[in-house]
Amino acid sequence: MKKTYVLLTTLALAASALALETGKPAPEFTGTDINGKAIKLSDYKGKIVVIESYNSDCPFCNNQYQTGAMQELQNDLAAKGVVWLIVNSVNPNNPSHRTADQAKQELADKKIVATAWIDDSSGTIGHLYGMKTTPHMFVVGKDGTLVYDGAIDDKPTPNHDPKTARNYVREAVDDLLAGKPVTVAETKPYGCSVKYAN
């Protein structure tokens, strides 16, 4: 019994050591975008980075794009020099998976303004960041610190007007650009579960 307790405690400590924490360095990753280019988070050190867990077949995610709210945010932040990385962790056996060509078409059709769309069908980046939902949003400061982890906004429904919601990502970026600490660093992400292979 004692050995079991020690083992469970060790496993719990190991898991907590790997847990994502705001205020700590954002975990480094390397992925491949839909153009076959290697993308590393550290390539963007010195810039604010937004990471979005994405699956447009999810009604919550689709609502953000159907209304144009996400593209508006992407445009606004791009104009301020912010990097936007889409991470699609849908496994290849799921109908919502996008091939590179399908992703390129979707990017154009939806007028998505992203620095890169990363194919994470292995789920490596998604699991590293503990991406639970689509969307699930992260903001990384210029120094590589994770400053925000959570929902896109404060209205967890698939049919609200996101343009009238409190947008936590916009707030976090605005705080960083103003040289202030991020007011809301963590919220509970909402949306559909990420369609990992396992």
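All residue numbers refer to position in the chain's written sequence, counted from 1. Totals for whole chains, interfaces and linings use all residues, but because this is a predicted model, local features are given only for residues with pLDDT of at least 70 and pairs of side-chain atoms are given and counted only at 80 or more. Water and hydrogen atoms were dropped before computing side-chain values, which therefore reflect all heavy atoms in the structure.

### A look at the pattern of salt bridges
Proximity of charged atoms lets side chains of opposite charge pair with each other. To be explicit about the condition: Counted as salt bridges are all cases of a side-chain nitrogen of Lys or Arg within 4 Å of a carboxyl oxygen of Asp or Glu. Runs of E in the DSSP output that reach at least two residues are strands. Runs of H or I that reach at least four are helices, and both are numbered from the N terminus. The rule is simple: take the accessible area with a 1.4 Å probe, protein chains only, and divide by the maximum for that residue type; under 20% is buried, over 50% is exposed, in between is partly exposed.
In this structure the tally under the stated criterion is seven salt bridges. As a salt-bridge pair, arginine 98 and aspartate 57 come within 2.8 Å of each other at their nearest N and O atoms. On the criterion of sequence distance, the pair formed by arginine 98 in the loop between strand S4 (83–88) and helix H4 (100–109) and aspartate 57 in the loop between strand S3 (49–53) and helix H2 (59–66) is long-range, its members being 41 residues apart. Given a relative accessible area of 40%, aspartate 57 falls into the partly exposed group.

### Examining the side chain of threonine 22
The condition is simple: Pairs of N or O atoms are called polar contacts if they sit within 3.5 Å, as long as, within protein, a hydrogen donor faces a hydrogen acceptor (for residues adjacent in sequence, only side-chain-to-side-chain pairs). Here, residues are in contact when the closest pair of their heavy atoms is within 4.5 Å.
Looking at the secondary structure, you find threonine 22 in the loop between helix H1 (2–18) and strand S1 (30–33). One polar contact links threonine 22 to glutamate 186, side chain to side chain, over a distance of 2.8 Å. Not counting the four nearest positions on each side in its chain, threonine 22 is found in contact with Leu146, Val147, Tyr148, Asp149, Ala185 and Glu186.

### Structural notes on the state of the cysteines
Counted only if it meets this: The criterion for a disulfide is a pair of cysteine sulfur atoms lying within 2.5 Å.
What the rule picks out here adds up to one disulfide. Bridging cysteine 58 to cysteine 192, the disulfide has an S-S length of 2.2 Å. Looking along the S-S bond of the cysteine 58-cysteine 192 disulfide, the torsion reads about 85 degrees, which is the right-handed sense. Separated by 134 residues along the polypeptide, cysteine 58 in the loop between S3 and H2 and cysteine 192 in strand S9 (residues 192–193) bring together distant segments of the chain. Comparing cysteine 58 with cysteine 192, the two get one shared label, buried. The cysteine cysteine 61 is free of any disulfide, with cysteine 58 supplying the nearest cysteine sulfur at 5.9 Å.

### A look at the environment of proline 92
Relative to the helices and strands, proline 92 is located in the loop between S4 and H4. Put simply, proline 92 and serine 121 are 29 residues apart on the chain and 6.2 Å apart in space, counted from C-alpha to C-alpha. Proline 92 has contacts with His97 and Ser121, leaving out every residue within four places of it along the chain.

### Some thoughts on the pairing of strand S8 (residues 146–150)
Looking along a regular strand, one sees the side chains alternate between the two faces of the sheet. We count it as follows: Pairing between two strands requires that DSSP report at least two bridges joining them.
Of all five residues in S8, five are buried, a share of seventy percent or more. Direction of pairing for strand S7 (residues 137–140) relative to S8: antiparallel, over a ladder of four bridges. Bridging from a neighbouring strand, phenylalanine 138 pairs with aspartate 149 of S8. Between the end of S7 and the start of S8, which pair antiparallel, lie five residues, with glycine 144 showing a positive phi angle near 90 degrees.

### Overview of helix H6 (residues 168–177)
Definition in use: Think of it as the arc spanned by the lines of direction from the helix axis to the C-beta atoms.
Within H6 the residues assigned to the buried category are Tyr168, Val169, Ala172, Val173 and Asp175. Angular distribution of buried residues about the axis of H6 spans 160 degrees; they occupy a single face of the element. Where the residues of H6 are buried, they touch S3, helix H3 (69–78), S7 and S8. Looking one or two residues past H6, glycine 179 carries a phi angle of roughly 75 degrees, positive in sign.

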